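Inside the fold
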Amino acid sequence: MTDGSAHDARQQEFHRRVPADPEQLVGLRRALTQWVGTLGIAPEQQDDVILASYEAMANAAEHGYRDSAGGPVEVRAVHRDHSVTVTVTDFGTWKQPDPDDTYRGRGLPLIETLSDTSATAHRADGTTVTMSWNLRPDL
């Protein structure tokens, strides 16, 4: 894992895997926030990356392991040239959104709005949300 202290203009990476526990996710969000802060991008875009990523982490913890004792949430982020891609993976089961639930179910639409591109892949062994941003320099 690269923590962002060694700046490579072409690629930087972040990788962490923690238990799907709310306290662990807060620490994971802090670590990702620190890493994103090293990229030299506009604060508003940093906020978009962190909010979308944390929403994906929370979804993984809440929904991916709803029928089990829990498991890990893995976050990988890669900064290449003028883009950043974040993937959030759980190893649980997919929960189909309930169209009748008008209170919940806003996570994926929020992620889609905050990122330039996003995709959700459902596998037999879990779910991966991939989000990407074309970066704007911090002016």
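Please read all numbers here as calculations on a predicted model, not as lab measurements. (Residues numbered from 1 in each chain as written. Predicted model: local features only at pLDDT ≥ 70, side-chain atom pairs only at ≥ 80, totals over all residues. Heavy atoms only, no water.)

**Some words on the side chain of Thr 128**
Defined as follows: Comment: elements are numbered from the N terminus, with helices defined as DSSP H or I runs of at least four residues and strands as E runs of at least two. Per-residue accessibility, obtained with a 1.4 Å probe over protein chains only, is compared with the maximum for each type, and a residue is labelled buried under 20%, exposed over 50%, and partly exposed between these values. Between N or O atoms, a polar contact is any pair within 3.5 Å; within protein, one atom must be a potential hydrogen donor and the other a potential acceptor, and residues adjacent in sequence are included only when both atoms are from side chains. Two residues qualify as a contact provided that any one of their heavy atoms is within 4.5 Å of a heavy atom in the partner residue.
By the secondary structure assignment, Thr 128 is in strand E5 (residues 126-134). Relative accessible area serves as the criterion here: at 15%, Thr 128 is assigned to the buried category. In this structure the side chain of Thr 128 is engaged in a polar contact, spanning 2.8 Å, whose partner is the side chain of Arg 123. Apart from the residues within four sequence positions on either side, Thr 128 is in contact with Thr 87, Val 88, Thr 89, Ala 119, Thr 120, Ala 121 and Arg 123.

**Focus: the environment of Val 36**
Along the polypeptide, Val 36 turns up in helix H1 (residues 22-37). The spatial distance from the C-alpha of Val 36 to the C-alpha of His 79 is 9.0 Å, given a sequence separation of 43 residues. Apart from residues no more than four positions distant in its own chain, Val 36 is found in contact with Ile 41, Gln 46, Val 49 and Ile 50.

**Comments concerning the packing of helix H2 (residues 43-64) against helix H3 (residues 107-114)**
Condition: Every axis in this analysis is a line fitted to C-alpha atoms, fitted for helices over the stretch in contact. Angles between the N-to-C directions lie between 0 and 180 degrees. An angle counts as roughly parallel when it lies under 35 degrees, as roughly antiparallel when it exceeds 145, as roughly perpendicular when it falls between 65 and 115, and as oblique in every other case. If you view the pair so one helix is near and one far, a crossing is left-handed when the near helix is turned anticlockwise from the far one by less than a right angle, and right-handed when it is turned clockwise.
With their axes 9 Å apart at the nearest point, H2 and H3 run at an angle of 155° to one another. Overall, the two elements H2 and H3 adopt an arrangement that is roughly antiparallel. Between H2 and H3 the crossing geometry is left-handed. On H3, the residues that touch Asp 48, Leu 51, Ala 52, Glu 55, Ala 56 and Asn 59 of H2 are Gly 107, Leu 108, Leu 110, Ile 111 and Leu 114.

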